[in-house]
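Fold and contact review
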Amino acid sequence: MQDSITGKLSSHWQIPAYAQKKLLICTEYESQTVSGVWGEFALSRPVRTLILRWGVATGPALLRFEWQSESFEWDGSVQVGGYVDAIHTMRPSAQDDPLHVILFGGHPLTYHQFPTEQPENFHYSIAAGVSQNITTWVLPYDSPLMTDVRLALVHNLRLHLYGRVPETTQRLPLSLPITLEGVTVFSS
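Below or above, wherever it landed, is the structure these notes cover. (Residues numbered from 1 in each chain as written. Predicted model: local features only at pLDDT ≥ 70, side-chain atom pairs only at ≥ 80, totals over all residues. Heavy atoms only, no water.)

**Some points on the packing of aromatic side chains**
Under the convention used in this document: Pairing of aromatic rings covers Phe, Tyr and Trp, the last counted by its six-membered ring, and requires centre-to-centre distances within 6.5 Å; plane angles under 30 degrees mean stacked, over 60 mean edge-to-face, and any other angle means tilted. Helix numbers and strand numbers start at the N terminus; a helix is a DSSP run of H or I with at least 4 residues, a strand a run of E with at least 2. Note on classification: 1.4 Å probe, protein chains only; a residue is buried when its accessible area is under 20% of the maximum for its type, exposed when over 50%, partly exposed between these limits.
The final tally for this structure, using the stated rule, is six aromatic pairs. Ring plane angle 20 degrees and centroid distance 6.0 Å describe the contact between Phe41 and Phe72, whose orientation is recorded as stacked. With Phe41 in strand β4 (residues 40–42) and Phe72 in the loop between β6 (61–66) and β7 (77–90), the pair connects residues that are 31 residues apart, well separated along the chain. The class of Phe41 is buried, set by a relative accessible area of 5%. When its relative accessible area of 10% is taken as the criterion, Phe72 is described as buried. Here the aromatic residues Phe41, Phe65, Trp67 and Phe72 are joined through ring pairs into a cluster of three or more.

**Description of the pattern of salt bridges**
Spelled out, the test is: Here, a salt bridge means any side-chain nitrogen of Lys or Arg that lies within 4 Å of a carboxyl oxygen of Asp or Glu.
Across all of its chains, the model carries three salt bridges by this definition. Glu66 is the partner of Arg64 in a salt bridge, and the nearest nitrogen-oxygen pair spans 3.5 Å. The class of Arg64 is partly exposed, set by a relative accessible area of 22%. Residue Glu66 is classed as partly exposed on the basis of its relative accessible area of 38%. Notably, a salt bridge pairs Asp75 with Arg164, separated by 3.9 Å at the nearest N-O pair. With Asp75 in the loop between β6 and β7 and Arg164 in strand β10 (residues 158–164), the pair connects residues that are 89 residues apart, well separated along the chain. With relative accessibility at 30%, the residue Asp75 sits in the partly exposed group. By relative accessible area, Arg164 is classed as partly exposed at 27%.

**Some remarks on the sheet that holds β10**
Strands belonging to one sheet form pairs held by backbone hydrogen bonds; the direction of such a pair is parallel or antiparallel. Where we set the bar: Strand pairing is assigned whenever DSSP detects at least two bridges linking the two strands. To define axes, lines are fitted to C-alpha atoms, for helices over the stretch in contact only, and angles between the resulting N-to-C directions are given on a 0 to 180 degree scale. Contact criterion: two residues are considered in contact whenever any of their non-hydrogen atoms come within 4.5 Å of each other.
Around the barrel, which closes on itself, the five strands sit in the order β7-β8-β9-β11-β10 with mixed pairing between neighbours. The mean inter-strand angle of the sheet, taken between neighbouring strand axes irrespective of direction, is 50 degrees. Pairing between strand β9 (residues 133–140) and strand β11 (residues 178–186): two bridges, direction parallel. Across the sheet, Val138 pairs through a bridge with Thr179, a residue of β11. Against the sheet, helix α2 (residues 145–155) contacts β7, β8 (99–108), β9, β10 and β11, and its axis sits at roughly 85 degrees relative to β7.

Set out below in structure tokens:
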């Protein structure tokens, strides 16, 4: 158990202004919106496990983590395992390049950085105790990662997606457009 019931998500990475009011720390007892560029929060009672969610207490789970003193040193990264539900291709405005929007149903992964080696299997890294939810990922139109995402959609393959909360959502009509940076494809 922690010694204190206050904490912060980061001490190095500054949470973008648009995200500061949208991130919630959720426990089995309560939900608390984080505040400021470091994502500070105060809980009413000590807990071991916290879930970082987007928007509302039942919103998409971005991370599940165990209590740490000082800071969780979150860097805006998001890792989720699941299935591609849909792909939407759009041009946010006439002057913008087209992009892909991926709707992804899944669960947060247990590690909080890009893995340095292949996970043993799909389920090995899925965070326990977090219900499935939908996250929205954005990918440039010409990204080579789109080949793997399309393959997974067509063949109903499981994926681990790795990305991060972007610094800005300027001209993107999405609440949470996670920038896709990496993909692991698993056989069915």
